[in-house]
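Summary of the model geometry
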Amino acid sequence: MNLKLKDIVPQLITVIAVVLIFGFFTYNAQINMENRGIDFGYGFLSQESSFDVQFSLIEYDGSHSYFRAYLVGLLNTILVSVIGIIIATILGVIVGVARLSPNYLINKFAAFYVEFFRNIPLLLQIFFWYFAALRALPLPQDAEAIFGVFFLTIKGLYVPAFIWQNFSIFFYSLVAAVIAIIVIRIHAKKVQENQGKQIPVFFISLGLIFILPLLSFLIGGVKLSFEVPVLKQLATTSFIYEGGVSLPPELIALTLSLSLYTATFIAECVRAGIQGVGKGQKEAAASIGLTPNQVLKLVIMPQALRIIIPPTTNQYLNLTKNSSLAAAIAYPDLVLVFAGTALMQTGKAIEIVSITMFTYLTLSISISILMNWYNKRIAIQEK
Amino acid sequence: MSKINFLKPDRANLNTFLYAGSFLFLISFLDVFFNSFFNLNLTGFLPNFLSFVLPLVLGFIGLYFIRIEYSGIKRLDLLNKHINTNNFNAVLSLLIIFVIIKSIPPILSWFVVDASFAGDSKDVCTGTGACWTYIKVWMRRFMYGMYPNAEQWRINLSFISLVLLGSVGYFATDKFKKYLTLYYVVIYPLIAFLFIFFFISGGPVFFDFSYGIIAAILSIIIGFFIPGRFKFYYFLIVPLALYIILKYFLFFEEYIELGKLEGLNWVETGAWGGLSLTFIISFFCLIFCFPIGMAFALGRRSGFPLIRYISVGFIEFWRGVPLITVLFMSAVMFPMFLPEDFFIDKLVRAIIAISLFEAAYVAEVIRGGLQALPRGQYEAAKSLGMGYWKMHIFVILPQALKLVIPGIANTFLALVKDTPLIFVVGLLEIVGMLNLAKTNPEWLGFAMEGYVFAAIIFWIICYAMSKYSYNLEQKYKTDI
């Protein structure tokens, strides 16, 4: 070890500075809390929360604990993020491909979409959908049915509920189908490598994923029925729909704006990815006799995905973090339920804000670790 | 005339196909056009569904007829190449054309034709269009927030002088251009800070304009006789010194009456708002987050492990949490960390929070630039005997920063788009003011106009920024 003074001093100074800053903050926090009579601790999590949340995926009311309220908020955040990610991906891929279309009109239309939605603050878009666009929807009693079963009203979207019998059998049949498809794929790959024969995996998979669940209906005694929402009069001017599933307008506005906004960024990632694959690759693949579909599947996509996936995951992360804007329109997500209402009631600022931040931090870091692992796996192995 | 096969347009019957195709396309176009602009349903005699899809079918057949390769007519070939390559593209093109035609009249009527512009009360807004009167009446609030009307010239003056100060770079002679970096990094932020913060918030006179002007004129006149070598240091020191001497030693209050300010009224930061607050916050965060980000980017690439871990921790922490929770922290948690009688204004707290947050993103962008530089650059600089700081200031950073201009511009764009979030700490910039205005009982029901107005403003700002960054990128493009 040849530690030199020159190496140690700057590090020492930095560490001392950081320690001093943190020490200063903790010291002040202790004094402040003593003066105000607040004690530090996470014991409040098991206390009764005594506030209601208007929309929750799990059973919850005021008699449950603060920890349960935290879970409600977390699940709502995850719900909005997952729906948003699915819609944004579909839309983003379509728009990204459209931007590369040789068709002038489609190309410009996609470019217009991207430039338009990317340059307006997300919060403004959320406000626009929630306070302006969705407020223009009809009242429940005036709403016209879409396809006879959906009702889009100012109080939210009402969709029919699925009522299952023997749902577990249906679910197992799906799982079985997926496992069968994986087995067949592995088998097909082996057959192709050994004998050069190609098995039409795609059609077999398509068949399996339909036939097995269908069998479960025919043999397994699975029954599915719909419960269509029905208009019900509460008072002379007040109507609601009963039955079915209702999606609150906050959720609709939030998913709509999040996915429209994030889709623009995903579209750019997709475009960059496809453009990043050299033209020579395509021509080389065509010249060895691959069909256009095979070129896309075997040559272009694997290379494009390598470019597309890392920035797209970043966008997924951004979407998840941006879903915290829900607090602005009172969608009960983690920030509103926990860092808003629960903080107001308990006054435990440090504990609650730190838990909220830690939750988001865990989400982001776990996704980025997963991504790094995936990136390493698909990266070109250079020798 | 050769035989015509209508399923297979060919060159031999070019004219026939061209006329037939154009005619069909024109009919479908006119049908949609009359339908949307004059509310005339030309095909109303047909069943509902058929009348709905007829233009699409006709247009599709028309486009099919005119899809003739190498027709020899330049325009037709261009048309075929760009919007009519195959059946699928033809249908999509038709759909887009129809959607555009269909959407023009309602948009036009809402924005202009049926909109009300005149008057200054809600009564004029009776039409179905937008009520721009609402924007007109609330304009001052949207621009300046709750800032007193009589004092708003201070905000205007600050921004105008900042723009003038900032444009120095554009008009400076080449001789002074080498000092511009120093000016933009050190002097300009200082002046800007003094100007915006103290001038807009007011309080006691912080700067006597009369003394300042005399000092400036005197120093410029003397400046002509200073040799070029010292000019820079001269202008760095003398005007300020002259100002101090004039104010505190030579002249006394009673000698000078010329345009002296009486002291400005104090306007607390809670009253600031509107679009000007958006600018103020973006401006300060932009100034602060850049050096912090640069420091952490260098720290993350530093050879000292402890400094590297601290930098990584800092960057990953801020990047992992949403801005809204950071602002929550600055609002409810941060005051707990300060000594009891120590108070930091909430605007300052918000600016610090946003700066730290964006600094992490800037750091990552700059790190990308540092990593992209070939090792040879570092080695060459070291072999010339440069130390760490010299190497970074003169060799590495200029190249790395050039590389990451688009990335930094994107971060700044994100910063501008993030400013509306300060509603969390109770500050109302333009979006916040809109939400406040729409709850005013006299002006209920005009949320749409307000949001559209703000969206247009933000769109113009952000689009201009992104185009500007694109131009910068093109301008500084160098091959390494």
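Residues numbered from 1 in each chain as written. Chains lettered and ligands numbered in written order. Predicted model: local features only at pLDDT ≥ 70, side-chain atom pairs only at ≥ 80, totals over all residues.

1. Thoughts on the overall build of chain B
Helices and strands together make up the secondary structure of chain B, namely 20 helices and one strand. Relative to its length of 480 residues, chain B is extended, with a C-alpha radius of gyration of 31 Å against a globular reference of 23 Å. In terms of overall dimensions, chain B has a C-alpha envelope of 100 × 70 × 55 Å along the principal axes. Evaluated residue by residue, chain B yields a buried proportion of 30% over its 480 residues. Within chain B, contacts between residues at least 6 apart in sequence are counted, and of these 70% link residues at least 24 apart. (Helix = DSSP H or I, 4+ residues; strand = E, 2+ residues; numbered from the N terminus. Rg over C-alpha atoms; globule rule 2.2 N^0.38 Å. Buried ≥ 20, exposed ≤ 12 C-beta atoms within 10 Å, placed from the backbone. Contact = placed C-beta atoms within 7 Å.)

2. Comments concerning the overall build of chain A
Looking only at helices and strands, chain A has 11 helices and eight strands in total. Rg of the C-alpha trace for chain A: 27 Å, well past the compact-globule value of 21 Å for 383 residues, more than 25% over. The buried share of chain A, reckoned over its 383 residues, is 31%. Restricting to contacts in chain A with at least 6 residues of sequence separation, those with at least 24 account for 63%.

3. Let's talk about the interface of chain A and chain B
Between chain A and chain B, the contact holds 48 residues from the first and 44 residues from the second. When contributions to the side of chain A that touches chain B are tallied by element, the ones reaching two or more residues are α1 (5-36), α3 (104-118), α4 (122-133), α9 (292-322), α10 (334-346) and α11 (349-378) of chain A. Ranked by residue count, the leading element in the side of chain A that touches chain B is α1(A), at 12 residues. Grouping the constituent residues of the side of chain A that touches chain B by class yields 33 nonpolar, 11 polar and four charged. (Nonpolar A, V, L, I, M, F, W, Y, C, P; charged D, E, K, R; others polar.)

4. With respect to the confidence of the model for chain A
On average, chain A scores 84 in pLDDT, and the residues at 70 or more come to 98%. Put simply, strand β1 (residues 145-146) of chain A is where chain A has its lowest mean pLDDT, 72, and α3(A) is where it has its highest, 92. (pLDDT = per-residue confidence, 0-100.)

5. Some thoughts on helix α5 (residues 167-195) of chain A
All names here are of chain A. Relative to the 42 Å expected for 29 residues at 1.5 Å per residue, α5 spans 41 Å between its end C-alpha atoms, a close match to the ideal helical length. Listed in full, the buried residues belonging to α5 are Phe170, Ser173 and Ala177. Where α5 is buried, its residues meet β4 (161-165) and α6 (201-218). (Expected span 1.5 Å × (residues − 1).)

6. Structural notes on the sheet that holds strand β8 (residues 245-247) of chain A
Residues and elements named next belong to chain A. Taking strand neighbours across the sheet as the criterion, the four strands line up as β1-β2-β3-β8 in an open arrangement whose pairing is antiparallel. Here the strands that pair on one side only, and so sit at the sheet edges, are β1 and β8. As defined by bridge partners, β1 adjoins strand β2 (residues 150-153) across two bridges and the pair is classed as antiparallel. Within β2, the position partnered with Ala145 by the bridge is Phe151. (Pairing = 2+ DSSP bridges.)

7. A word on the packing of helix α16 (residues 375-383) of chain B against helix α17 (residues 388-403) of chain B
All names here are of chain B. At their nearest, the axes of α16 and α17 sit 10 Å apart, and the two run at 160° to each other. Looking at the two axes, α16 sits roughly antiparallel to α17. In this structure, the crossing between α16 and α17 has a hand that is right-handed. Contacts from Gln377, Tyr378, Ala381 and Lys382 of α16 reach α17 at Met391, Val395, Ile396 and Gln399. (Axes fitted to C-alpha atoms, helices over the stretch in contact; angles between N-to-C directions. Parallel < 35°, antiparallel > 145°, perpendicular 65-115°, else oblique. Left-handed = near helix turned anticlockwise from the far one by under 90°.)

8. Details of the nonpolar core
In terms of nonpolar packing, the biggest core is built from 148 residues, with A:Ile126 and B:Leu327 touching the most fellow members. Each residue touching B:Leu327, except ones within four places of it in the same chain, is listed here: B:Ala350, B:Ala353, B:Leu421, B:Ile422, B:Val424 and B:Val425. (Core = buried A, V, L, I, M, F, W, Y, C linked by C-beta atoms within 7 Å.)

9. Regarding the confidence of the model for chain B
All names here are of chain B. For chain B, the mean per-residue pLDDT works out to 82, and 93% of the residues sit at or above 70. Confidence, read as mean pLDDT per element, is least for helix α8 (residues 174-177) in chain B (72) and greatest for helix α15 (residues 346-372) (91). Taken over the whole predicted complex, pTM reads 0.85, whereas the ipTM for its chain interfaces reads 0.83.

10. Remarks on the domain arrangement of chain B
For an interface, size is often stated in terms of accessible area lost upon the parts coming together. For chain B, the domain assignment lists domain 1 (14-113), domain 2 (205-263) and domain 3 (269-475). Taking the mean C-alpha position of each, domain 2 of chain B and domain 3 of chain B sit 35 Å from one another. (Domains from an automatic or database assignment.)

11. What about the packing of helix α12 (residues 274-300) of chain B against α15(B)?
Residues and elements named next belong to chain B. At a minimum axis distance of 6 Å, the contact between α12 and α15 shows a crossing angle of 45°. In terms of axis orientation, α12 runs oblique to α15. Between α12 and α15 lies a crossing whose hand is right-handed. On α15, the residues that touch Ile281, Phe284, Cys285, Phe288, Cys289, Phe290, Ile292, Gly293, Met294, Phe296, Ala297 and Arg300 of α12 are Ile351, Ile354, Ser355, Leu356, Glu358, Ala359, Val362, Ala363, Ile366, Arg367 and Leu370.

12. Regarding the pairing of strand β5 (residues 223-227) of chain A
All names here are of chain A. β5 sits mainly on the outside: zero of its five residues count as buried. Both β4 and β5 contribute to a ladder of five bridges, which runs antiparallel. In the strand pairing of β5, Ala161 is matched with Glu227.

13. With respect to the pairing of β2(A)
Every other side chain in a regular strand lies on the same face of the sheet, so the side chains alternate between the two faces. Residue and element names in this part refer to chain A. What you see with β2 is a clean split: Phe151 and Thr153 sit on the buried side and Phe150 and Leu152 on the side with no burial. Sheet analysis places β2 next to strand β3 (residues 156-159), joined by three bridges and oriented antiparallel. Residue pairing for β3: Leu152 is matched across the bridge by Leu157. Hairpin geometry of β2 and β3 is characterised by an intervening segment of two residues between the two adjacent antiparallel strands.

14. A word on unusual backbone geometry
Residue and element names in this part refer to chain A. The phi dihedral of Ala330 falls on the positive side, at around 60°, and the residue is not glycine. Note on placement: Ala330 falls in the loop between α9 and α10. Judged by the 14 C-beta atoms lying within 10 Å of it, Ala330 falls in the partly exposed class.

15. Quick word on helix α20 (residues 447-475) of chain B
Between its first and last C-alpha atoms α20(B) spans 42 Å; for 29 residues at 1.5 Å apiece the expected length is 42 Å, and the two agree. Along α20(B), the positions that sit buried rather than exposed are B:Ala447, B:Glu449, B:Gly450, B:Tyr451, B:Phe453, B:Ala454, B:Phe458 and B:Cys462. Of the surrounding secondary structure, the elements contacted by the buried residues of α20(B) are α4 of chain A together with α5 (132-144), α18 (405-418) and α19 (430-438) of chain B.

16. Points about the environment of B:Leu472
Residues and elements named next belong to chain B. Structurally, the position occupied by Leu472 is in helix α20. Classification of Leu472 by C-beta neighbours within 10 Å gives partly exposed; the count is 15. Separated by 412 residues in the primary sequence, Leu472 and Phe60 have C-alpha atoms spaced 44 Å apart.

17. Some points on the environment of A:Phe162
Residues and elements named next belong to chain A. Within the secondary structure, Phe162 is located in strand β4. Sequence separation between Phe162 and Gly244 is 82 residues; the distance between their C-alpha atoms is 7.9 Å. When sequence neighbours within four positions are dropped, the list of residues in contact with Phe162 reads Leu224 and Phe226.

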